[in-house]
There are 2 protein chains.
Amino acid sequence: MKSGGGRIIEKLWEEVRELSLGSDDTRINRLDSPPTPLQFLRDYVSQNKPCIISNAISHWPALSRWPHLPYLSRSLSTSLVSLHLTPNGRADSIVPLPDHNKDDDLSSSLCFASAHQNDCFRTEYSGLAADCDPDVPWATEALGCSPDAVNLWIGNHLSETSFHKDHYENLYAVVSGEKHFLLLPPTDVHRMYIRPYPAAQYSYSHETGEFSLEVEQPTRFVPWSSVDPFPSPETREAEMDKFPLYFRGPKPFQCTIKAGEVLYLPSMWFHHVRQSPGDDGCCTIAVNYWYDMQFDIKCAYFNFLQSIPYGSLPPETRPEGSPSQTDVSEMSEQEPDEQNGDQ
Amino acid sequence: MKSGGGRIIEKLWEEVRELSLGSDDTRINRLDSPPTPLQFLRDYVSQNKPCIISNAISHWPALSRWPHLPYLSRSLSTSLVSLHLTPNGRADSIVPLPDHNKDDDLSSSLCFASAHQNDCFRTEYSGLAADCDPDVPWATEALGCSPDAVNLWIGNHLSETSFHKDHYENLYAVVSGEKHFLLLPPTDVHRMYIRPYPAAQYSYSHETGEFSLEVEQPTRFVPWSSVDPFPSPETREAEMDKFPLYFRGPKPFQCTIKAGEVLYLPSMWFHHVRQSPGDDGCCTIAVNYWYDMQFDIKCAYFNFLQSIPYGSLPPETRPEGSPSQTDVSEMSEQEPDEQNGDQ
């Protein structure tokens, strides 16, 4: 399945673009008003196809209120909220392992720094609930259920989440600033070089004012994409050599979601998220709604595709203890990727 | 991709049943009344999942009128209709080639005897149009378009169509008698042993009262399933040896659609159709509505799966001139299967 198999996988990347997604630069559909539930289901959810919707949240008081930080702090003054602090904005990302000798093999010196999004908007941030809708009405009707979780995101230009996918249908509403997405369809799973990384969390010391990164004990491995789509100029060439299927395959879908716009991010799509402040210079704020996805034939096809080995990391850069990906029969026993998280 | 690859393909067969379709005997959902367009789209079309609907066509005059043959002939008395005559009820089936020496290698002695269904209900049989609806209203609303074709089927207990798939969403309404379906999801494509067969047509001689089967000239190859799910007791063992993936894999979904019921047969599902008269002994009559399908990620996944060689016929039974299926890199150039037809 190495050479010939690779060719048919690469043909799949092309075909999903030709058949369904389009291949030019403006290929993510833009809707000027909210779709009907039927349109949304037929043209996007059923086809596992993203779209950007304008004028769907124009009535939210949040749009005018939240860009003023004093309003936010006043509304939350009686709430206990938890913050995910990082030294560099990178939560849910692959970062160097703490206390690791720089001369060591690079790949075994990485870990997964995680943040958790567990319905925070409806729990910790309920003081802001009246400023937006509890759900996306046309999505709720289309999908036949209420959101499983609603999350609030407040970040600055440093905040970044590396490539991953979620087992949810995702409606992502930007309230202030702009979010920049890179998107890849589930068919491109091999281009993500998903590997198991040891889970770790940042902890902040009030005494020293410094962050430390602590690997969970006992070690827990989280499957996550190894690809950084924006490597520094110094590492760019090495990264392109390590992840050729990403850097040499079809360009990811790129889009910017502005304040007042909503992105439909279909289940199982890989996404990388950055952000920038709006014209007012305020931080970037967004609310996302996770709806349960259907575990249907698309999901079975995905698990099948993922179980075909292609595009392994070279052996010397494979994280220690992780399974090799060279034998189809070995891979057939592997569990589907359980990676889950979001920004 | 031979042994290990086979294991992951067989795991896909299981997983699509576990995730989505169910694996017990009563696994095709039955609805007691027509679904709303949203339910139909969300729970069936989007998931590429069949269902049987009762009480959806109870208002059709056809249900009481068509079982009486004199009514049918009267209604069509001014119409010129074309009939597909066969000596044995098997149109759209693989049958022995005419003038072929029985001692020859079996596989090269077969051809594809075709019938054509091209919107006959709305053209040749329009005299009956007032007896049923021009479309299936909830399907039309769900799918966002009118039917591309409406076909009328009149057959007896000998009429049979062998396994094939259609590039349409199919609503299949039985008016008189019963239709017996065997269904396999698109993920089971390798179990169908689809091979190119030379196209042929029956012609009937009024002089001799006999049928002859004529192979099209120049030869045109039609990809069609090689599997006969009901072999005679004498050939059963040989058939099981030739098509082990079919006979030893998961059982096909089986269902009987009675007069007054509608089957939703999702696009790309393989189906084998037989029929039997109702209690009144009348022939079996059905109307089916073909709606355009979406060429989306499911379709791209299907083409990918189909391009992986697995379960080839042994070389000695491969139809002459047909491509071998042993090299992944060769297969990657193959066009997607264009098989199309129905009963």
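Per an unreviewed UniProt entry, chain A carries the name JmjC domain-containing protein and comes from Turnera subulata. What UniProt states about chain A under its Sequence similarities (unreviewed entry) heading is, verbatim, "Belongs to the JARID1 histone demethylase family."

This next bit is on the overall build of chain A. A tally of regular secondary structure across chain A gives nine helices and 15 strands. Relative to its full complement of 343 residues, chain A shows a buried share of 59%. For chain A, restricting intrachain contacts to residue pairs at least 6 apart in sequence, the fraction spanning at least 24 positions comes to 80%. Accessible area for chain A stands at about 14,800 Å²; split by element, carbon and sulfur atoms hold 50% of it.

It takes a turn of 180° to lay chain A on chain B, together with a shift of 0.0 Å along the axis; the resulting RMSD is 0.0 Å. Taken together, the rotation and translation describe the operation of a two-fold axis. Of the C-alpha atoms belonging to chain A, the one lying closest to the rotation axis is found on Ser 46 of chain A, 2.3 Å away. Looking at the interface residues of chain A, 100% of them are also at the interface in chain B, so both copies use one shared face.

What follows concerns the state of the cysteines. Any covalent bond linking the sulfur atoms of two cysteines counts as a disulfide. Residue and element names in this part refer to chain A. This structure, assessed with the given rule, holds zero disulfides over all chains. Free cysteine: Cys 51, not disulfide-bonded; nearest cysteine sulfur from Cys 255 at 10 Å. Residue Cys 51 is classed as buried on the basis of its relative accessible area, which comes to 0%.

Let us now look at the interface of chain A and chain B. Each side of the interface is counted separately: chain A has 45 residues, and chain B has 45 residues. Each partner contributes to the roughly 4,100 Å² buried at the junction of chain A and chain B, and carbon and sulfur atoms together form 68% of this total. It is Ile 297, Tyr 301 and Phe 304 of chain A in chain A that bury the most area against chain B; as a group they hold 18% of the surface buried on that side. Counting across the chain A and chain B interface gives zero salt bridges.

Let's shift gears to the pattern of salt bridges. One pass over the full model with this rule turns up 16 salt bridges over all chains. We note a salt bridge from Arg 17 of chain A to Asp 188 of chain A, for which the minimum N-O separation is 2.7 Å. Of this pair, Arg 17 of chain A sits in helix H1 (residues 3-21) while Asp 188 of chain A sits in the loop between strand S8 (178-184) and strand S9 (194-205), placing them 171 residues apart in sequence. The two residues Arg 17 of chain A and Asp 188 of chain A agree in class, both being buried. Here Glu 261 of chain B and Arg 30 of chain B are joined by a salt bridge, their closest N and O atoms 3.2 Å apart. With a gap of 231 residues between them, Glu 261 of chain B in the loop between strand S12 (253-258) and strand S13 (262-265) and Arg 30 of chain B in strand S1 (residues 29-31) connect regions that are remote in the sequence. The exposure class of Arg 30 of chain B is partly exposed, given its relative accessible area of 47%.

Turning our eyes to something else, we now look at the sheet that holds strand S1 (residues 29-31) of chain A. Residue and element names in this part refer to chain A. Strands sit in the order S1-S2-S13-S7-S15-S5 across an open sheet of six strands; the sheet is mixed. Two strands close off the open sheet at either side, each with one partner strand: S1 and strand S5 (149-155). With strand direction ignored, the average angle separating the axes of adjacent strands in the sheet is 20°. As paired elements, strand S2 (residues 51-53) and strand S13 (residues 262-265) share three bridges and run antiparallel to each other. Residue pairing for S13: Ile 52 is matched across the bridge by Leu 263. Helix-sheet contacts for helix H2 (residues 37-45) involve S1, S2, strand S7 (168-176) and S13, and the interaxial angle to S13 is about 55°.

Moving on, we come to unusual backbone geometry. Most of the time, phi is negative for any residue but glycine, and the peptide bond is trans. Between Gln 217 of chain A and Pro 218 of chain A the backbone carries a cis peptide bond, its omega angle lying at -5°. Tracing the sequence through the fold places Pro 218 of chain A in the loop between strand S10 (210-215) and strand S11 (221-225). Of note, the phi angle at Asn 55 of chain B is positive, near 60°, even though the residue is not glycine. By the secondary structure assignment, Asn 55 of chain B is in the loop between strand S2 (51-53) and helix H3 (62-65).

The next thing to look at is the packing of helix H8 (residues 297-306) of chain A against helix H8 (residues 297-306) of chain B. For any two helices packed against each other, one specifies the inter-axial angle together with the distance between the axes. Packing of H8 of chain A against H8 of chain B brings their axes to within 10 Å, and their N-to-C directions diverge by 40°. Classified by the interaxial angle, the pair formed by H8 of chain A and H8 of chain B is oblique. When you trace H8 of chain A past H8 of chain B, the crossing you get is left-handed. Counted together, Ile 297, Lys 298, Tyr 301, Phe 302, Phe 304 and Leu 305 of chain A of H8 of chain A and Ile 297, Lys 298, Tyr 301, Phe 302, Phe 304 and Leu 305 of chain B of H8 of chain B form the full contact between these two elements. For the contact of H8 of chain A with H8 of chain B, the residue count by class is ten nonpolar, no polar and two charged.

With that out of the way, let us pick up the sheet that holds strand S14 (residues 270-276) of chain B. All names here are of chain B. Read across the open sheet, the four strands follow the order S6-S14-S8-S12; overall the sheet is antiparallel. A single partner strand is all that each edge strand has here, and the edge strands are strand S6 (160-164) and S12. Taken pair by pair, the neighbouring strands of this sheet meet at an average axis angle of 20°, ignoring direction. Two strands pair when backbone bridges link them, and strand S8 (residues 178-184) and S14 are joined in this way by seven bridges, in the antiparallel orientation. Counterpart to Leu 183 in the pairing with S14 is His 271.

Here we come to the side chain of Ser 307 of chain B. Relative to the elements of secondary structure, Ser 307 of chain B occurs in the loop between H8 and helix H9 (328-331). At 2.7 Å, the side chain of Ser 307 of chain B and the backbone oxygen of Phe 304 of chain B are in polar contact.

Take the nonpolar core next. Counting residues in each nonpolar core, the largest one holds 90 residues, and the members touching the most others are Tyr 246 and Phe 304 of chain A together with Tyr 246 and Phe 304 of chain B. Counting residues in hydrophobic clusters, the runner-up holds 78 residues, among them Leu 31, Leu 38, Leu 72 and Leu 143 of chain B.

Moving on, we get to the packing of H2 of chain A against helix H2 (residues 37-45) of chain B. At a closest axis distance of 10 Å, the pairing of H2 of chain A and H2 of chain B adopts a crossing angle of 25°. In terms of orientation, H2 of chain A and H2 of chain B fall into the roughly parallel class. The chirality of how H2 of chain A crosses H2 of chain B is left-handed. The residues of H2 of chain B that touch H2 of chain A, namely those facing Pro 37, Leu 38, Leu 41 and Arg 42 of chain A, are Pro 37, Leu 38, Leu 41 and Arg 42 of chain B. In the contact of H2 of chain A with H2 of chain B, the residues fall into six nonpolar, no polar and two charged.

Right, let's talk about the packing of aromatic side chains for a bit. Tallying each qualifying case throughout the model produces 21 aromatic pairs over all chains. An aromatic cluster of at least three residues, connected via ring pairs, comprises Phe 40, Trp 138 and Tyr 264 of chain A. Across the ring face of Phe 253 of chain B, the terminal group of Arg 27 of chain B is positioned such that the distance to the ring centre comes to 3.8 Å.

Another aspect to go through is the environment of Ile 154 of chain A. All names here are of chain A. With respect to the helices, strands and loops of the structure, Ile 154 is situated in strand S5. Assessed through its relative accessible area of 46%, Ile 154 is described here as partly exposed. Along the chain, Ile 154 and Gly 127 lie 27 residues apart, while their C-alpha atoms are 15 Å from each other.

A few words now on H2 of chain A. Taken across its nine residues, H2 of chain A has seven buried, putting it largely inside the fold. Among the residues making up H2 of chain A, those that are buried are Pro 37, Leu 38, Phe 40, Leu 41, Arg 42, Tyr 44 and Val 45 of chain A.

Definitions and cut-offs
- Residues numbered from 1 in each chain as written.
- Chains lettered and ligands numbered in written order.
- Predicted model: local features only at pLDDT ≥ 70, side-chain atom pairs only at ≥ 80, totals over all residues.
- Heavy atoms only, no water.
- UniProt positions renumbered as here; feature names shortened; annotations may be inferred.
- Helix = DSSP H or I, 4+ residues; strand = E, 2+ residues; numbered from the N terminus.
- Buried < 20%, exposed > 50% of the residue type's maximum accessible area, 1.4 Å probe, protein only.
- Contact = heavy atoms within 4.5 Å.
- Areas by Shrake-Rupley, 256 points an atom, 1.4 Å probe, with all protein chains shown as cover.
- Least-squares fit on C-alpha atoms with pLDDT ≥ 70 in both.
- Disulfide = S-S within 2.5 Å.
- Buried area = accessible area lost by both parts, 1.4 Å probe.
- Salt bridge = Lys/Arg side-chain N within 4 Å of Asp/Glu carboxyl O.
- Pairing = 2+ DSSP bridges.
- Axes fitted to C-alpha atoms, helices over the stretch in contact; angles between N-to-C directions.
- Parallel < 35°, antiparallel > 145°, perpendicular 65-115°, else oblique.
- Left-handed = near helix turned anticlockwise from the far one by under 90°.
- Nonpolar A, V, L, I, M, F, W, Y, C, P; charged D, E, K, R; others polar.
- Polar contact = N/O pair within 3.5 Å; in protein donor to acceptor, adjacent residues only side chain to side chain.
- Core = buried A, V, L, I, M, F, W, Y, C linked by side-chain atoms within 4.5 Å.
- Phe/Tyr/Trp six-rings, centres within 6.5 Å; stacked < 30°, edge-to-face > 60°.
- Lys NZ or Arg CZ within 6 Å of the ring centre and 35° of its normal.

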